Amino acid sequence: MGRVFVAGSINMDVVATAERHPRIGETVAGEAVLYFPGGKGANQAVASAKLGARTTLVGRLGSDAFGQELRTFLAAQGVDLTFVKDTAGTHSGTAIITIADADNTIVVVPGANAQVDADDVAGPSLAKGDVAVSQFEIPLPTIAAFFKRARAAGATTILNPAPAKQADTALLDLVDVLILNETELGFLTGTELSDSDAPARFAEAARNLAQGKIVCVTLGRRGVLALVEGEPLLVAGREVKAVDTTGAGDCFVGALASQFASGKPLRDALAYANVAASICVQRMGAAPSMPTAKEVEDVLDA
Ligand code: RIB
């Protein structure tokens with residue numbers, strides 16, 4: 001059984017709920033202010049750990065009260081924090097999130113996440129069968145250094161290029177599995193895509209990024225489309241009542257990583273991750289809404 005190593009961001013999500021999102025320049029009255037542990041790296045690590053994989057997070061926290069809270073929460077979820085450093089002189093990553101009608105807007109202020117560097121990712125020893133996971137909320141050169149080490153050790157690399165930003169081909173060439181949503185796919189391929197497009201259109205865009213890797217396009221309630229050796233594989237979504245989609249993509253990534261680490265075939269891993277994400281969206285918050293293995297298995301068995 002392999003392990004999962006996640007190099008990524010750790011944030012405190014400061015969430016305001018409202019009946020609707022404000023327009024630019026407008027003020028609307030909110031309903032509640034909530035504080036949830038989040039950050040794409042932390043969310044993916046929590047999902048993986050709760051689904052049964054031995055999971056190590058590599059990242060940084062600020063020397064502030066949020067940092068202490070986040071460390072306590074992540075440890076309680078079973079995530080190994082040996083390589084999470086406290087960083088003096090900066091704050092912990094903070095995301096300002098508004099949620100209305102189950103949809104969100106997010107502004108992330110990276111704080112300590114911006115200082116995760118190549119020395120940090122040189123800490124853990126990876127081995128064949130392990131899975132290395134990262135996203136775009138830490139510096140891109142750090143991700144490249146992490147994936148080079150992972151590749152040299154024979155581990156599988158998973159990149160979730162979120163939030164979308166331009167990445168050079170040298171980084172993308174270090175990736176075995178690319179997991180992205182339609183916005184990120186549109187951005188990275190320079191294609192106009194909308195969530196109502198036919199799956200074939202996503203497959204066509206994904207082909208431009210494949211270059212020998214598996215590309216998984218998460219399609220929200222429509223499920224996931226994977227492109228494997230040029231062949232599309234569609235796993236349908238589940239009809240559920242979403243209350244908060246924050247972290248659902250991270251849940252999918254962490255779940256897929258946990259399944260790869262346990263040697264599951266791709267189709268089974270995709271179906272599993274799809275169910276995990278469908279449970280996540282039915283709860284408020286990012287990291288706290290990640291499901292357990294039993295919750296996912298109960299749905300799969302039903
Ligand atoms: O993907 C969701 C996450 O994005 C939130 O938890 C927030 O912290 C931002 O990083």
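Residues numbered from 1 in each chain as written. Predicted model: local features only at pLDDT ≥ 70, side-chain atom pairs only at ≥ 80, totals over all residues. Heavy atoms only, no water.

Engineer: If you had to explain the site of the ligand to someone new, which residues and values would you point to?
Structural biologist: Close to the ligand lie Asn11, Asp13, Gly38, Gly39, Lys40, Asn43, Ala95, Val108, Glu137, Gly247, Asp250 and Ala286, which account for all nearby residues. For the ligand, an oxygen atom lies 3.1 Å from a polar atom in the side chain of asparagine 43. One of the side-chain N or O atoms of aspartate 250 is found 2.7 Å from an oxygen atom in the ligand. Contact with the protein chains hides 95% of the accessible area of the ligand, taken as 280 Å² for the molecule alone. Secondary structure elements with two or more residues in the shell around the ligand: strand 2 (11-18) and helix 1 (40-50). (Near = heavy atom within 4 Å. Polar contact = N/O pair within 3.5 Å; in protein donor to acceptor, adjacent residues only side chain to side chain. Areas by Shrake-Rupley, 256 points an atom, 1.4 Å probe, with all protein chains shown as cover. Helix = DSSP H or I, 4+ residues; strand = E, 2+ residues; numbered from the N terminus.)

Engineer: Before we move on, can you summarise unusual backbone geometry with the specific residues and values?
Structural biologist: That bond from alanine 162 to proline 163 is cis: its omega, -5°, falls within 30 degrees of zero. You can see proline 163 is positioned in the loop between strand 9 (156-160) and helix 5 (169-172). Phi at alanine 102 is positive, roughly 70°, even though this residue is not glycine. In this fold, alanine 102 is placed in the loop between strand 6 (93-100) and strand 7 (103-109). Here glutamate 229, not a glycine, exhibits a phi torsion of approximately 50°, which is positive. Structurally, the position occupied by glutamate 229 is in the loop between strand 12 (223-228) and strand 13 (231-236).

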